[in-house]
Protein chains: 2
Amino acid sequence: MIVQSQIQPRHEVIGSLVAVATGRRPADLVIRNCRLVNVHSREILSAQDIAIANGRFAYCGPDASHCIGELTIIVEAGGLMALPGLCDGHMHIESGMLTPARFAEAVMPHGTTTMFVDPHEIANVLGLKGVEAMNAEAVMQPINIFMQVPSCVPSAPGLETPGAEITPMDVAEAMQWENIVGLGEMMNFPGVIGGDEKMLAEMAITMAAGKVVGGHYASPDLGMPFHAYAAGGAADDHEGTRERDAVARVRQGMRAMLRLGSAWYDVERQVTAITERGLDPRNFILCTDDCNAQTLVEDGHMDRVVRHAISCGCDPLVAVQMATINTATHFGMEREIGSIAPGRRADVLLVDNLEELSILQVFARGRLVAREGKLLATLPRADWPRESRQSVNTGRELTDDDFSICAPPGGGNGAALARVIGIIENQAPTKELLVELPVSGSLVNASATEDVCQAALVERHRGAGRVVNGFVQGFGYNGDMAMASTVAHDCHHMIVVGTCRQNMALAANRLAEVQGGASLWREGEEAALVELPIAGLMSDRKAKHVAAASRKLSEAMAQCGCHLNNAFMQHSLLALAVIPELRITDLGLVDVRKFELVDLFCNG
Amino acid sequence: MIVQSQIQPRHEVIGSLVAVATGRRPADLVIRNCRLVNVHSREILSAQDIAIANGRFAYCGPDASHCIGELTIIVEAGGLMALPGLCDGHMHIESGMLTPARFAEAVMPHGTTTMFVDPHEIANVLGLKGVEAMNAEAVMQPINIFMQVPSCVPSAPGLETPGAEITPMDVAEAMQWENIVGLGEMMNFPGVIGGDEKMLAEMAITMAAGKVVGGHYASPDLGMPFHAYAAGGAADDHEGTRERDAVARVRQGMRAMLRLGSAWYDVERQVTAITERGLDPRNFILCTDDCNAQTLVEDGHMDRVVRHAISCGCDPLVAVQMATINTATHFGMEREIGSIAPGRRADVLLVDNLEELSILQVFARGRLVAREGKLLATLPRADWPRESRQSVNTGRELTDDDFSICAPPGGGNGAALARVIGIIENQAPTKELLVELPVSGSLVNASATEDVCQAALVERHRGAGRVVNGFVQGFGYNGDMAMASTVAHDCHHMIVVGTCRQNMALAANRLAEVQGGASLWREGEEAALVELPIAGLMSDRKAKHVAAASRKLSEAMAQCGCHLNNAFMQHSLLALAVIPELRITDLGLVDVRKFELVDLFCNG
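Residues numbered from 1 in each chain as written. Chains lettered and ligands numbered in written order. Predicted model: local features only at pLDDT ≥ 70, side-chain atom pairs only at ≥ 80, totals over all residues. Heavy atoms only, no water.

A. Examining the overall build of chain A more closely. If you tally the helices and strands in chain A, you get 17 helices and 29 strands. Projected onto its principal axes, the C-alpha positions of chain A cover 90 × 50 × 45 Å. By residue count, 67% of the 604 residues in chain A fall in the buried class. Expressed as a percentage of contacts within chain A between residues at least 6 apart in sequence, the contacts between residues at least 24 apart total 69%. Total accessible area on chain A stands at roughly 19,700 Å², and carbon and sulfur atoms take up 47% of it. Across chain A, the mean location of the 49 positive side-chain charges is 5 Å away from that of the 72 negative side-chain charges. (Helix = DSSP H or I, 4+ residues; strand = E, 2+ residues; numbered from the N terminus. Buried < 20%, exposed > 50% of the residue type's maximum accessible area, 1.4 Å probe, protein only. Contact = heavy atoms within 4.5 Å. Areas by Shrake-Rupley, 256 points an atom, 1.4 Å probe, with all protein chains shown as cover. Lys, Arg positive; Asp, Glu negative; His and termini not counted. Charge placed at Lys NZ, Arg CZ, Asp CG, Glu CD.)

Written out as structure tokens, the structure is:
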């Protein structure tokens, strides 16, 4: 079945809900005899019935017999636990390399029925049109995918060139759209603190629209700058990593979002603010931020986060609140989602055990959409605009020469001292390394013995034919190989890392051919390919296929000598010109400590 | 000084707040070295500074030295406790017999800085114009007086005639006004449950405007009708009186408002839902509902309620949350009021002791407005529209004959069997009594030996010259006397209770002369007068004067033999045709069990 996703506004159906609750009109569906997890009172209520109509809860109480008519579907819960559908308070769909429909398909069996989404990646490729396209598919879905307007596109103005920019005017326009609930994470915290007019304007526009300003304060300094950032009005933050980060945010009237993503592990160290310090838990929210397709397929989504919070010692009812009512309240939607109570969207999970959270049945807006891990619905998919499938434009076929790095003038001794991006395993920051690299003829070569290979950034938004070359250390690659990816935060040009210029050109041209994704080449042959034809970021195939291709890519990277955790992520973050120390963008090598472009070679 | 009440929207001043927090711009006021009651984290933080600019908190942290400039006012708190200004979640200003400005004046020294107000009484007199007039004065004040649109005017359609009606169209219009935050208590719960289209329309209009539907479910039945009422969408309810009432409301996703008014004592029995049952306290809110001027002057306002909740065993921090952040969150204003955190309106109290809550200094929007119980500001007052001061129109001078009650035809034996309204002390409901009353000539007389006197309702909105006569039992009046009042819930005609027709006419004419209030006459002389010239409900004199006049009135009632608790309230509720059993309205005697008009005399 194709699920009809339309849900009428609550105010249009209150007469119907009252009629069902009184028994004058039959419910569409009744769940009988469940143990109801009430996130308002923080209790488990035994022997409860739930009657649903118009996709919303109409009656929640001890006996819904009077709500049952001839056509009412009856679900005998037999004492199973019923809890509200789970909400992800902050996330990027593109991190799953899936379209919203495919992402929803992957997470619905895991009990996620609401997501608050910042489409920051596609915005860097396609601007507001990309946001609009994401939103168009989001609103078609049978679960709730609320959208924010990305705030920082580009992330590092002056140091990179995105496919499109988001301006305060764009933010003002998008705030009028259906389904837009706020501003995406305000990452430019130095801008906010420094009084940057563009950043403040975006926040002001969001507040004036009565919507929520997402925060992102990625600094350990909890002194004056942090307080100034809070004064700007960011309402939440998911960048905390220590207990004191969470405590500080809550004390400033922000909500602390604790994340467990594919590569984020920030719940355990922060949840002690509740479990040990005893703070009021209402201002803590669970989220994923970034989950790749493999995590979704193999480990789950918000169910994984709630389970993890419980395993960290959190009261199961509090953990559920942190993924339901707390999130709903934060976004001003506590009367619409986040609990099992009259009037709310009938998003409800049946589980047999709260601690293990094995989800047996998932109802979204009153329809059974997944059972025992299996999706029962076919989700509607949007017609993506043509430009979203034509986003990789390198301008011309690239050749080996595009990846040649000329020795600096006046260099001597057959060697050149280069600034090399040093990978730090399991961390987003990089190191600036100074490495002496061999020169042969007029070209500087990578050095396998130093574990240095080439890293190039290929402009792909405007067909400029521009290639910026540099070096990276730490991938462990050996043999003739190259890997290219159009997932290249935050501007999402194309990053090509390789030991061999020929393979680099092959990989880059291949991605231009398939319109994006990731491709690994070894000795002139393609060893792995993840096709991401939508904006070069997302696939519209099923998550399991994307996960399988991603796994194959990881294996191929390993076969080439790379054994880093989250190796693909390290690759895709090489251009992230907002996190220190050294990055590569379409404008050159960037020293992120100084926010300035630097030469590849040190003097001489 | 006249306080300037204007406060710029938060989004207009975030640049300024950030500048203050960083020290680039000096704060207007800095409070140094307080123990800060943080209602977000539910902690007391020692040695905190608070910097304020633009009427809002700019910095809340350990050291605001960098926010201090030459012109910054510095308040040395010396370790005093700082807590957010208190919020009253549900109340009627008219119950204080004071205009909004005079009410604000009375409660500000008690730490109330926010009120959520249902101007239901004036709406019964003047309709939407009355609401507009209340709102006009409310928005001028230096504290936050948010307004709801009364939902049930008249309260008992078909059984009474108010001065004006409120229609769904009126509700729709008012939802567009500045400062309107929702729909006033939906008292017509049988209507909601029964699917009354007008009631559902008002609720739907409110929800569609993104505002809050106030509830009022005044029934002990927590079964099907209660669930159906919840399905209608009321977001709160203050009518609970038992622990299970509060529990039931919270479980249905409503907020339980626990009230302590002049004559409401509903906190103690319901707060055990938190203190004993351990429910999540976030959905409990403190309110007053109705406070008369004497209570305000002698006992306080929200400080009294918080103090009382603490004395009932509530954790002081939880009690403060229930009068601050819980209320703010309920109305979608958690980023605007209700806590001491950046960006919020700088409403803050300095107290030396949380349990006793003796309020030493009150700051509203960053200005010191009261110190040690003394108001430091002169509050602005609106020009009330002419019709609000010309609201008592009996059509003509009344005479003794208007209060003559003719014996029923065919009555015999010099006696008539009458339906008499029986007062129940300390309760709003009345009893229907059947009493045989003496007939002399053609008239039926009251009977002092049965404690029955006359109760008349004089139409006063349209000058219809209509008087409805009846009997009441239980006031204890003796001698020749009468008391008249234009406070006469809910239509607020004029109720005249008396033992003597001459005094009844004198009292009624006196109120027509002074344009409303309450007047007690004894043996042809006026013994007490409370002048309420605005809509016949409110005075624009200081609370202490109104309290003194009220006290004198109570004493005069006692001198006439009435020793009821809240005697004036019993008088003013005689026309309340929504609470059983027997009432008197401008249309006649009403049996509220059947919602129908009945004859004064039983057959024959």
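Anyway, onward from the coordinates.
B. Just the interface of chain A and chain B, in detail. Taken together, the 59 residues of chain A in the interface contact 59 residues of chain B. In this assembly, chain A packs against chain B so that about 4,600 Å² is buried in total across both faces, 55% of it on carbon and sulfur atoms. For the pair chain A and chain B, the number of links is six salt bridges. Across the pair B:E43 and A:R251 runs a salt bridge whose closest N-O atoms are separated by 2.8 Å. Summed over the shared surface of chain A and chain B, the result is 28 residue pairs in polar contact (both at pLDDT 80 or more). (Buried area = accessible area lost by both parts, 1.4 Å probe. Salt bridge = Lys/Arg side-chain N within 4 Å of Asp/Glu carboxyl O. Polar contact = N/O pair within 3.5 Å; in protein donor to acceptor, adjacent residues only side chain to side chain.)

C. Spotlight on the nonpolar core. Residue and element names in this part refer to chain A. Grouped together as the largest cluster of nonpolar side chains are 168 residues, with contacts concentrated most on F284, L286, F471, Y477 and L574. Considering every element that reaches this core, the biggest residue donor is helix α16 (residues 543–559), with seven residues. Among residues more than four places away in sequence, those in contact with Y477 are D451, C453, M483, V497, T499, M557, C560, G561 and C562. (Core = buried A, V, L, I, M, F, W, Y, C linked by side-chain atoms within 4.5 Å.)

D. Inspection of the packing of helix α1 (residues 10–22) of chain A against helix α8 (residues 224–232) of chain B at higher detail. The N-to-C vectors of α1(A) and α8(B) enclose an angle of 170 degrees; their axes lie 8 Å apart at closest approach. The orientation of α1(A) with respect to α8(B), classified from their angle, is roughly antiparallel. Along its contact with α1(A), which presents A:R10, A:I14, A:L17, A:V18, A:A21 and A:T22, the element α8(B) presents B:M224, B:H227, B:A228, B:A230, B:A231 and B:G232. Split into classes, the residues belonging to the contact of α1(A) with α8(B) amount to eight nonpolar, three polar and one charged. (Axes fitted to C-alpha atoms, helices over the stretch in contact; angles between N-to-C directions. Parallel < 35°, antiparallel > 145°, perpendicular 65-115°, else oblique. Nonpolar A, V, L, I, M, F, W, Y, C, P; charged D, E, K, R; others polar.)

E. Structural context of the relation of the copies chain A and chain B. Between chain A and chain B, the superposition needs a rotation of 180 degrees and an axial shift of 0.0 Å, giving an RMSD of 0.1 Å. Both copies of the chain, as the preceding transformation shows, are related through a two-fold rotation axis. Within chain A, the C-alpha atom positioned nearest to the axis of rotation is that of A:G332, 3.3 Å from it. Most of the interface of chain A is mirrored in chain B, where 100% of its interface residues are also at the interface. (Least-squares fit on C-alpha atoms with pLDDT ≥ 70 in both.)

F. Quick look at the pairing of strand β24 (residues 494–498) of chain B. Counted residue by residue, β24(B) has five buried out of five residues, so it is predominantly covered. The two faces of β24(B) match: B:M494, B:V496 and B:G498 on one face and B:I495 and B:V497 on the other face are all buried.

G. Geometry of the packing of aromatic side chains. Residues and elements named next belong to chain A. One pass over the full model with this rule turns up 13 aromatic pairs over all chains. Summarising the aromatic geometry, the rings of F189 and Y217 are spaced 5.0 Å apart at their centres and angled 55 degrees between planes, so their arrangement reads as tilted. Of this pair, F189 sits in helix α6 (residues 189–194) while Y217 sits in the loop between β10 (212–215) and α8 (224–232), and the two are 28 residues apart along the sequence. In textbook terms, an aromatic cluster arises when at least three aromatic residues are bridged by ring pairs, as seen for F189, Y217, F226 and Y229. The lysine or arginine in question, R259, covers the ring of W264, its NZ or CZ lying 3.7 Å from the ring centre. (Phe/Tyr/Trp six-rings, centres within 6.5 Å; stacked < 30°, edge-to-face > 60°. Lys NZ or Arg CZ within 6 Å of the ring centre and 35° of its normal.)

H. Just unusual backbone geometry, in detail. Here the bond from A:H489 into A:D490 is cis, since omega is -10 degrees, no more than 30 degrees from zero. Mapped onto the elements of the fold, A:D490 is located in the loop between β23 (481–485) and β24 (494–498). At the junction of B:P580 and B:E581, the peptide bond is cis and its omega measures out at 0 degrees in the coordinates. By the element assignment, B:E581 lies in the loop between α17 (567–572) and β27 (582–585).

I. Representation of the environment of A:V39. Residues and elements named next belong to chain A. Within the fold, V39 resides in the loop between β1 (29–38) and β2 (43–53). With 203 residues separating them in the primary sequence, V39 and R242 have C-alpha atoms 27 Å apart. Sequence-distant contacts of V39, that is, excluding residues within four places in its chain, are made with P84, V320, Q321, T324, I325, G338 and S339.

J. Quick peek at the pattern of salt bridges. Residue and element names in this part refer to chain A. Per the stated rule, a full pass over the model turns up 60 salt bridges over all chains. Salt-bridge contacts for R551 lead to E298; the nearest nitrogen and oxygen are separated by 2.8 Å. Taken together, the residues R551 in helix α16 and E298 in helix α11 (residues 293–298) connect sequence positions 253 residues apart. Overall, R551 belongs to the partly exposed group, its relative accessible area being 32%. Residue classification places E298 among the partly exposed residues on the basis of a relative accessible area of 45%.

K. Here's a closer look at the sheet that holds strand β12 (residues 255–259) of chain A. Residue and element names in this part refer to chain A. The three strands lie next to each other as β11-β12-β13, forming an open sheet whose pairing is parallel. Edge positions in the open sheet fall to β11 (236–237) and β13 (284–287), since each of these has one partner strand only. Relative to β13, β12 is paired through four bridges, and the arrangement is parallel. Residue L258 lies in a different strand from β13, and its bridge partner there is L286. (Pairing = 2+ DSSP bridges.)

L. Spotlight on the sheet that holds strand β21 (residues 452–458) of chain A. Residue and element names in this part refer to chain A. Here nine strands make up an open sheet; going across it, the order is β20-β19-β18-β22-β21-β24-β23-β25-β26 and the pairing mixed. Looking at which strands have only one partner, the edges of the open sheet turn out to be β20 (443–444) and β26 (525–531). Where strand β25 (residues 517–522) meets β26, six bridges bridge the pair, whose relative direction is antiparallel. Across the sheet, the residue bridging to R522 is E525, located in β26. Relative to β25, helix α15 (residues 501–514) is tilted by about 150 degrees, and along the sheet it contacts β20, β21, β23, β24, β25 and β26.

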